[in-house]
Amino acid sequence: MHSLQPLALSRIKPSYSVPNSILWSILGFMLYLINQAKLYSNNIAIIADDKAYTYQQLLISSQNFASLLLNGAKDLNQKRVAFVLPPGMDYVIVQWAIWQAGGIAVPLNPKAPLDSHRYVLEDAAVDIIVTSPIYIADIEALASELKIRVVTSGMSAELTPDLPDIAADRAAMILYTSGTTAAPKGVVSTHENIEAQAKALVEAWEWSATDRIINVLPMHHIHGIINILTCALMSGASCEFMARFEPKVLLDKLCQPEVTLFMAVPTIYYKLVAYWESLDQPEQIKISAGLNTLRLMVSGSAALPVSTLEKWKNITSHTLLERYGMTEIGMAISNPYIGERRPGHIGLPLPGVELRLVDEEMHDVQIGEQGEILVKGPNVFKEYWNKPEITHAAFTSDGWFKTGDIAIFKEGYYKIIGRNLDIIKSGGYKLSALEIEEVLRSYPGISDCGVVGIPDEEWGELVAAALIIDGDSFTERELILWLSNKLPRYKIPTVFKKLRELPRNAMGKVVKNELKEIFIHSV
Ligand code: MCA
Ligand code: AMP
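Residues numbered from 1 in each chain as written. Chains lettered and ligands numbered in written order. Predicted model: local features only at pLDDT ≥ 70, side-chain atom pairs only at ≥ 80, totals over all residues. Heavy atoms only, no water.

## Points about the overall build of the chain
On a plain count of helices and strands, the chain comes out with 16 helices and 25 strands. A compact globule built from 523 residues would reach a C-alpha radius of gyration of about 24 Å, and the chain, at 23 Å, matches this within 12%. Principal-axis analysis of the C-alpha atoms gives the chain an extent of 70 × 55 × 55 Å. Counting only residues that meet the buried cut, the chain has 57% of its 523 residues in that class. Sequence separation of at least 24 residues holds for 67% of the intrachain contacts in the chain that already meet a minimum separation of 6. For the chain, the accessible surface area stands at approximately 22200 Å², while carbon and sulfur atoms represent 52% of it. (Helix = DSSP H or I, 4+ residues; strand = E, 2+ residues; numbered from the N terminus. Rg over C-alpha atoms; globule rule 2.2 N^0.38 Å. Buried < 20%, exposed > 50% of the residue type's maximum accessible area, 1.4 Å probe, protein only. Contact = heavy atoms within 4.5 Å. Areas by Shrake-Rupley, 256 points an atom, 1.4 Å probe, with all protein chains shown as cover.)

## A look at the environment of glutamate 435
Here glutamate 435 lies in helix 14 (residues 433–441). Residues glutamate 435 and asparagine 35 lie 400 residues apart in sequence; the distance between their C-alpha atoms is 42 Å. Leave out the neighbours within four places in its chain, and glutamate 435 touches Ser178, Ala182, Pro184, Leu487 and Lys491. Of the polar contacts made by the side chain of glutamate 435, one reaches the side chain of serine 178; its length is 3.1 Å. (Polar contact = N/O pair within 3.5 Å; in protein donor to acceptor, adjacent residues only side chain to side chain.)

## Observations regarding the packing of helix 4 (residues 89–101) against helix 8 (residues 222–235)
Each pair of packed helices can be summarised by the angle the axes make with each other and by the distance between the axes. Remark: helix 4 packs on helix 8, axes separated minimally by 13 Å, with the N-to-C direction vectors making an angle of 80 degrees. Judged by the angle between their axes, helix 4 and helix 8 are roughly perpendicular. The residues of helix 8 that touch helix 4, namely those facing Tyr91, Val92, Gln95 and Trp96, are Ile225, Leu229 and Leu233. A per-class count over the contact of helix 4 with helix 8 returns six nonpolar, one polar and no charged. (Axes fitted to C-alpha atoms, helices over the stretch in contact; angles between N-to-C directions. Parallel < 35°, antiparallel > 145°, perpendicular 65-115°, else oblique. Nonpolar A, V, L, I, M, F, W, Y, C, P; charged D, E, K, R; others polar.)

## Considering the packing of aromatic side chains
The way to describe two aromatic rings as a pair is by their centre distance and the angle between their planes. Evaluated as defined, the whole model comprises 13 aromatic pairs. A centroid spacing of 4.8 Å and a plane angle of 65 degrees characterise the contact between tyrosine 443 and tryptophan 482, whose relative ring orientation is edge-to-face. Of this pair, tyrosine 443 sits in the loop between helix 14 and strand 23 (446–456) while tryptophan 482 is found in helix 15 (residues 476–483), placing the two residues 39 residues apart along the sequence. Here a set of aromatic residues connected by ring pairs shows up, and it is made of Phe381, Tyr384, Phe395 and Phe401. (Phe/Tyr/Trp six-rings, centres within 6.5 Å; stacked < 30°, edge-to-face > 60°.)

## What to know about the site of ligand 1
Around ligand 1, the structure places 24 residues, and the nearest of them are Ser301, Arg323, Lys425, Ser426 and Gly427. Arginine 323 is positioned such that a nitrogen or oxygen atom in its side chain is 2.7 Å from an oxygen atom of ligand 1. In this structure, a nitrogen atom belonging to ligand 1 sits 2.8 Å away from a side-chain N or O atom of serine 426. Burial of ligand 1 by the surrounding chains reaches 73%, relative to a free accessible area of 1100 Å². Within the residue set of the shell around ligand 1, elements represented by two or more residues are helix 8, helix 10 (266–277), strand 13 (321–326) and strand 21 (423–426). The biggest single contributor to the shell around ligand 1 is strand 13, with three residues. Class assignment for the residues of the shell around ligand 1 results in eleven nonpolar, ten polar and three charged. (Near = heavy atom within 4 Å.)

## With respect to the site of ligand 2
Within the structure, ligand 2 sits among 16 residues, and Arg323, Thr327, Asp405, Lys425 and Lys430 are positioned closest to it. Measuring from an oxygen atom of ligand 2, one finds a backbone N or O atom of threonine 327 at 2.6 Å. For the shell around ligand 2, the elements supplying multiple residues, two or more each, are strand 13 and strand 20 (413–419). Considering each element in turn, the shell around ligand 2 owes the most residues, five residues, to strand 13. Looking at the shell around ligand 2, its residues break down into six nonpolar, four polar and six charged.

## As for unusual backbone geometry
Of note in this structure, aspartate 50 is not a glycine but carries a positive phi near 65 degrees. Along the chain, the position of aspartate 50 falls in the loop between strand 1 (44–48) and strand 2 (51–54). Residue classification places aspartate 50 among the exposed positions, given a relative accessible area of 76%.

## What to know about the sheet that holds strand 19 (residues 401–410)
Taken in spatial order, the four strands of this open sheet run 16-17-19-20, and their pairing is antiparallel. Here the strands that pair on one side only, and so sit at the sheet edges, are strand 16 (354–358) and strand 20. Each neighbouring strand pair of the sheet contributes to a mean axis angle of 45 degrees, computed without reference to strand direction. The sheet contact formed by strand 16 and strand 17 (residues 371–376) spans five bridges and is antiparallel. Looking at strand 17, one finds that arginine 356 is bridged to leucine 374. (Pairing = 2+ DSSP bridges.)

## Some points on helix 3 (residues 55–70)
Taking 1.5 Å per residue as the helical rise, helix 3 with its 16 residues ought to reach 22 Å, and the 22 Å between its terminal C-alpha atoms agrees with that figure. Here helix 3 lies mainly inside the structure; 15 of its 16 residues are buried. At the C-terminal side of helix 3, asparagine 71 shows a positive phi close to 50 degrees. (Expected span 1.5 Å × (residues − 1).)

## Things to note about the nonpolar core
With 117 residues, the main nonpolar core has Ile46, Leu69, Trp96, Trp99, Trp207, Leu233 and Phe262 as its most contacted residues. Broken down by element, the residue count for this core peaks at ten residues, all from helix 4. Not counting chain neighbours up to four residues away, the residues in contact with phenylalanine 262 comprise Ile213, Ile214, Val216, Leu250, Leu254, Ile268, Tyr269, Leu272, Leu294, Leu296, Met297 and Val298. Ile424, Ala433, Val439 and Leu487 belong to the second largest nonpolar core, which has 22 residues in total. (Core = buried A, V, L, I, M, F, W, Y, C linked by side-chain atoms within 4.5 Å.)

## So, the sheet that holds strand 25 (residues 495–498)
Hydrogen bonding along the main chain pairs the strands of a sheet, whether they run parallel or antiparallel. Read across the sheet, three strands follow the order 23-24-25 without closing on themselves; strand pairing throughout is mixed. Strand pairing shows two members of the sheet lacking a second neighbour, strand 23 and strand 25, which therefore form its edges. Going across the sheet, the axis of each strand differs from the next one's by a mean of 25 degrees, ignoring polarity. Bridging between strand 23 and strand 24 (residues 460–469) involves ten bridges; their strand directions are antiparallel. Directly across from aspartate 448, in strand 24, lies its bridge partner isoleucine 468. Each of strand 23 and strand 24 touches helix 14; the most contacted strand, strand 23, lies at about 145 degrees to it.

## Focus: the confidence of the model for the chain
Chain-level statistics for the chain give a pLDDT mean of 92 and a share of 94% at 70 or above. Counting contacts from residues 1–26, a segment whose pLDDT is below 50, to residues more than four positions away or on other chains yields 48 contacts. (pLDDT = per-residue confidence, 0-100.)

Pasting the structure below:
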């Protein structure tokens, strides 16, 4: 990694006076973060690539980078700034810089193919893209075609004396999520939304400046961005990034005595259990003792199999805390930090989150009956970018967000029991069957297809594609190779089946339940 050269503090003309708490709520949560950074200036904020960076370095470098982004302007005025960066210090500097300069942060998955980047850059009408020397060659060509300004991370500029004040209701971030539409949608969250999402977790899970968390998750989704990074930085705690998931390296890091917290998707816990089981007994005992000293381990983004929870408990003596969330709302429901963590359940609403379970007519269901989860609160996103009709349809007339997830409330806790069959959760990623089908249909030789998720203990669901083929002109390998230029790896089906026809109902619609059964009975 290139070296980070923090400016001398004396060069910084304070652009903010320390505000009182009322002003924070009006002016937004970036000021809150800045204030925390000043309070904990000598604490380690980020650890990445075996280097540690203080809050002071983060603050100075991000204000400097904000000046570079502003390029003489007073305020980016909600220009969209995409960034393609590996998890690490530069990622955080750029995120904070965008927020301080008044832009909207659009983090992209560095592992996604250029076609996926192109879609987001065009859809969000991105003005600036920040990337690192690793990705610059590919990104520059695309950016020049789309007339987007490219800025390289790690560069510095003359410090702008006054960075803009950012009101709490301004948009802060757009994350792309796959759902019931074929094309991914940009979820717009304001500064106030992000603050509410993170504060609820800081309070519920008792974050403090003495915490250190390992972050192994991708940095283009809520789990890695809000639950881990933002909560840590709001608390004066330390966030240690790992470049990629590797069980041995991760377990070694988790066994460091300074580490207090860990959060991950169920697939990661499954893989850690499998790795631990493969070790000899002395090594197992050593790792179990190391893991036992953490104060909290959280699982979420997909249903945690009770078998994984139990195995993890045998290994570490920790009962994983399972919680439920969504890109549009952050976290909504959580098992308690102190109190019973019930296997197979997601717990109770987090502070500040209002919740209802309703039937198809939007009437509240009785206790013990299943219903769709509706959510209201300052955590709920502002809109889908540039999609007023879809945004409108996502809310009830009195402002409740319709999650699409079905739950029941039983014996004091919520439990998820289902969701739309066109939404697949695999490895913690939310995937749209419709999006994958649309890409498959554009492959020469595939005349039609149906995509479903089939249950799998390790991945939650596997992406399975039934193909109707014109002739036999391609192999599975050729198809996967072609798909890898169109979709990120986790969206590419791992189970294929050739069918003569797809199961359809009287209206001609593919019956996903039946298709699922076909796969389940033939695997
Ligand atoms: C990869 N492989 C898969 C899948 N992904 N096989 C089946 N299904 C999949 N989904 C295969 C690859 O083809 C490859 O096979 C091998 O696994 C290793 O691939 P790789 O990409 O290196 O996988 P990995 O690094 O081991 O990744 C597994 C992972 C990753 C770490 C669990 O999927 C991950 O980071 N998931 C987290 C996603 C996340 O953060 N979601 C949060 C969304 P071969 O070796 O044969 O080539 S936010 C959210 O959901 C809400 C807000 C919430 O509640 O949190
Ligand atoms: P995303 O769009 O990536 O934010 O994914 C959100 C979806 O993940 C939710 O709508 C749920 O379907 C699912 N999800 C998140 N946490 C859990 C959980 N603990 N149990 C079951 N499903 C979950």
